[in-house]
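# Structural overview
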Amino acid sequence: MNRRVSVVLFEGFEVLDVFGPVELLSHANGIELEFVGPSAGLVRSAQSMRVESTLSYADLSSRDIDILLVPGGPGTRALVDDESFISWLSAVGARARLVTSVCTGSALLAKAGLLEGYRATGNKVAFEWTRTFGTTVAWQPKARWVEDRDRWTSSGVAAGMDMTAALIASLLGTEARDEALAKAEYTAHTEASHDPFAATSPLS
């Protein structure tokens with residue numbers, strides 16, 4: 001059975017948070033991808049590139065949800081205070097089989113209550129801000145990514161590709177991971193604890 005990844009888009013999302021993971025996932029047999037936005041249509045990224053979502057948030061609310069991927073980016077700063085979005089994310093995240101985030105996407109997950117009782121990480125430059133969300137989140141200041149049961153969170157931007165490589169291995173096996181990496185000509189960090197940017201964290 002194919003696995004389906006629903007990628008959440010919002011105004012001001014970080015391009016590499018989305019397309020780093022999407023690039024690797026697109027090379028993995030058995031993975032389907034779909035883009036979800038406020039409405040079906042174009043969504044502007046932090047880099048002003050506009051990406052087309054094929055589904056609206058409302059559409060996803062009425063569907064089975066397999067894997068949810070939430071990117072970060074400057075747009076997260078406003079979204080943490082958007083009660084409608086946070087309520088939607090809380091509902092769809094609770095129904096998803098697996099919830100993942102890149103960069104400050106973990107702040108959105110935490111605000112939506114989806115990381116309570118979980119270990120998690122996020123972008124180290126924004127870590128002080130990110131860790132203000134959630135009450136029982138065990139924030140990890142040194143981690144390239146964190147896998148805790150059905151929650152996967154990564155550090156900043158490019159770290160999402162390393163997390164995705166590990167996720168592909170978890171879902172489909174190391175051979176599928178290696179094939180995806182070879183097609184993308186990318187060498188991934190394979191140790192979640194390898195975090196060369198942790199020194200920039202205020203908690204280091």
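Quick summary incoming for the structure in this document.

The rules behind each value
- Residues numbered from 1 in each chain as written.
- Predicted model: local features only at pLDDT ≥ 70, side-chain atom pairs only at ≥ 80, totals over all residues.
- Heavy atoms only, no water.
- Buried < 20%, exposed > 50% of the residue type's maximum accessible area, 1.4 Å probe, protein only.
- Helix = DSSP H or I, 4+ residues; strand = E, 2+ residues; numbered from the N terminus.
- Pairing = 2+ DSSP bridges.
- Expected span 1.5 Å × (residues − 1).
- Contact = heavy atoms within 4.5 Å.

### Observations regarding the pairing of strand E4 (residues 50-53)
- Side chains Val51 and Ser53 of E4 all project onto a buried face; the interleaved residues Arg50 and Glu52 project onto a face where none is buried.
- Examined bridge by bridge, strand E3 (residues 41-44) and E4 share 4 bridges and lie antiparallel to one another. Among the inter-strand pairings, Arg44 is bridged to a residue of E4, identified as Arg50.
- Counting the residues in the hairpin turn of E3 and E4 gives 5 residues, including Ser48, whose phi is positive at 75°.

### Re the pairing of strand E7 (residues 98-101)
- The side-chain alternation of E7 yields two buried faces, one formed by Leu98 and Thr100 and the other by Val99 and Ser101.
- Bridging between strand E6 (residues 67-70) and E7 involves 4 bridges; their strand directions are parallel. Each residue of the ladder has a partner; that of Leu68, found in E7, is Val99.
- Summarising the sheet, E7 and strand E11 (residues 151-154) pair through 3 bridges and their orientation is parallel.

### Quick look at helix H7 (residues 159-172)
- Compared with the 20 Å implied by 1.5 Å per residue over 14 residues, the 20 Å span of H7 between its first and last C-alpha is a close match.
- With respect to burial, H7 is a largely interior element, 11 of its 14 residues being buried.
- All buried positions along H7 are accounted for by Ala159, Gly160, Met161, Asp162, Met163, Thr164, Ala165, Ala166, Leu167, Ile168 and Ala169.
- Here the buried face of H7 lies against helix H1 (15-26), E7, strand E10 (145-148), E11 and helix H8 (174-184).

By themselves, these are just geometric observations and shouldn't be taken as functional.
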